Amino acid sequence: MKIGIVCYPTFGGSGVVATELGKALAQKGHQIHFITYAQPIRLDFFSENIWYHEVNISSYPLFQYPPYESALAGKMVDVVKYEKLDLLHVHYAIPHATSAFLAKQILKQQGLDIPVVTTLHGTDITIVGKDPSLRPIITFSINESDGVTAVSNDLRQETIDAFSIHKPIEVIYNFVDLERFYKQEKEHFKRFICPNGEKLLVHASNFRKVKRIGDVIRVFARIREVVPSKLLLIGDGEERQNMELLTRQLGIDEDVRFIGKLEAMEEVLSVADLFLMPSEKESFGLAALEAMACQVPVISSNTGGLSELNINGVTGFLSGIGDIDDMVKKALYVLDEANLSGFKQRALERAREFDMQVIVSQYETYYQQVVEQFCKNKTTCSKV
Ligand code: GMT
């Protein structure tokens, strides 16, 4: 199939999922055309089956807000038409599904049509989607998509509860590349961070408020009083400076290291003992899955789709949002030498259920269904 993939290229889990999906589909022989405003971060190599089309917006003094939606729709029209795409898959409802609708209308006027699949990732529904000025357009754009997927049952239900959606929503979970994310022998690295055999706790995110990084730091501060340990924080974003201040105020800055954005996450995860994800909202928790693939148990909040990934008492534990006492208690239980190796093993076993090969096949099957349905009443339609 010839598939156009639209995503946020630089920031957040939705872009990572979209890029990894495109790469995996290309390996299976599909022709993948990424349409974004910048080269996706995990797309830094040549592949005969991958193309990248940059969306450019001309600057003009009138444009206080450059019309990205329109430029994106224009680029979609161009790529669909000249690359003869079979399907557009847009990740994150706003504004991608809206631009896809516009592109479809323009193409129809030119005697062309294309099915659009929209994948809902989380904050497009749970946070941005709650903005009253965006609500009608999100509802409309989802309903106009030919296929809709959500990354967890919880996100699917939240979408149904919060919007008037009359399209069926298919759940296709996030996935992990088990060939890339596995426990590597990085003992020298562990000795460098934890010279006295301390336990290593890790958190990774884009440092937005929704991630509750203050809870990560407070939980760590309490664990450290009982078990010698270190904390590594991967990522960067609006909360970084406040969080650095917090570690200084708590007097634990010597044991906390902010390592910024890191491409080779698997190297750090390979030496970690526990992953913390106390988010306010989390539709799936891709970073937690990547940690589990590296045999790292997870202490998370029980919000959103996290309970569909992290099995309470098996791969880690789930606590109420902001329940630091409970998280500390459970983290200490997992870190106990008598329990740790069992949790690590079970975290890996659970991660295997989200193997990239399995989930990518689910997307392929879904594409087939959407195209077949779309083609039913059309005289000309590309073969899948
Ligand atoms: O929070 C992020 O990491 C970014 C955000 C996004 O929308 O790009 O991630 C969402 O999508 C990921 C991929 O599907 C999910 O694994 C995350 O749980 C989800 N984040 C939230 O719901 C807060």
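Residues numbered from 1 in each chain as written. Predicted model: local features only at pLDDT ≥ 70, side-chain atom pairs only at ≥ 80, totals over all residues. Heavy atoms only, no water.

Turning to the domain arrangement of the protein, a few remarks are in order. For the protein, the assigned domains read domain 1 (2-175 + 356-375) and domain 2 (187-354). Summarising the inter-unit geometry, the C-alpha centres of domain 1 and domain 2 are found 31 Å apart. The partner domain 2 presents 14 residues to the 22 residues of domain 1 that form the contact. Around 1500 Å² of area is buried between domain 1 and domain 2 when both sides are counted, 57% of it from carbon and sulfur atoms. The tally of links from domain 1 across to domain 2 stands at 1 salt bridge. The shortest N-O distance in the salt bridge between E158 and K281 comes to 4.0 Å. For the interface between domain 1 and domain 2, the tally reads 6 residue pairs in polar contact (both at pLDDT 80 or more). (Domains from an automatic or database assignment. Contact = heavy atoms within 4.5 Å. Buried area = accessible area lost by both parts, 1.4 Å probe. Salt bridge = Lys/Arg side-chain N within 4 Å of Asp/Glu carboxyl O. Polar contact = N/O pair within 3.5 Å; in protein donor to acceptor, adjacent residues only side chain to side chain.)

Turning next to unusual backbone geometry. The amide bond that connects I94 to the next residue, P95, takes the cis arrangement and shows omega of -10°. With respect to the element layout, P95 can be found in the loop between β4 (87-91) and α3 (96-109). The phi dihedral of K84 falls on the positive side, at around 55°, and the residue is not glycine. Within the secondary structure, K84 is located in the loop between α2 (68-83) and β4. Here K84 falls in the exposed class, since its relative accessible area comes to 59%. One non-glycine residue, F207, lies in positive phi territory at about 55°. Its location among the elements puts F207 in the loop between β8 (199-204) and α8 (213-226). In this structure F207 comes out as buried when scored by relative accessible area, which is 0%. (Helix = DSSP H or I, 4+ residues; strand = E, 2+ residues; numbered from the N terminus. Buried < 20%, exposed > 50% of the residue type's maximum accessible area, 1.4 Å probe, protein only.)

As a further point, take the packing of helix α11 (residues 286-293) against helix α14 (residues 337-352). Running from amino to carboxyl end, α11 crosses α14 at an angle of 120°, the nearest separation of the two axes being 7 Å. It follows from the interaxial angle that α11 and α14 lie oblique. Crossing geometry of α11 relative to α14 is assigned as left-handed. Of the residues in α14, those touching α11 at L289, M292 and A293 are A347, L348, R350 and A351. Its residues assigned to classes, the contact of α11 with α14 comprises 6 nonpolar, no polar and 1 charged. (Axes fitted to C-alpha atoms, helices over the stretch in contact; angles between N-to-C directions. Parallel < 35°, antiparallel > 145°, perpendicular 65-115°, else oblique. Left-handed = near helix turned anticlockwise from the far one by under 90°. Nonpolar A, V, L, I, M, F, W, Y, C, P; charged D, E, K, R; others polar.)

Taken together, the 7 strands give an open sheet; going across it, the order is β3-β2-β1-β4-β5-β6-β7, and neighbouring strands pair in parallel fashion. Strand pairing shows two members of the sheet lacking a second neighbour, β3 (50-54) and β7 (169-171), which therefore form its edges. Direction aside, neighbouring strands of the sheet carry axes that sit 25° apart on average. Both strand β1 (residues 2-6) and β4 contribute to a ladder of 4 bridges, which runs parallel. Paired with I3 across the two strands is L87, which belongs to β4. Of the strands in this sheet, β1, β4 and β5 (116-120) touch α3, which is tilted by about 155° from β4. (Pairing = 2+ DSSP bridges.)

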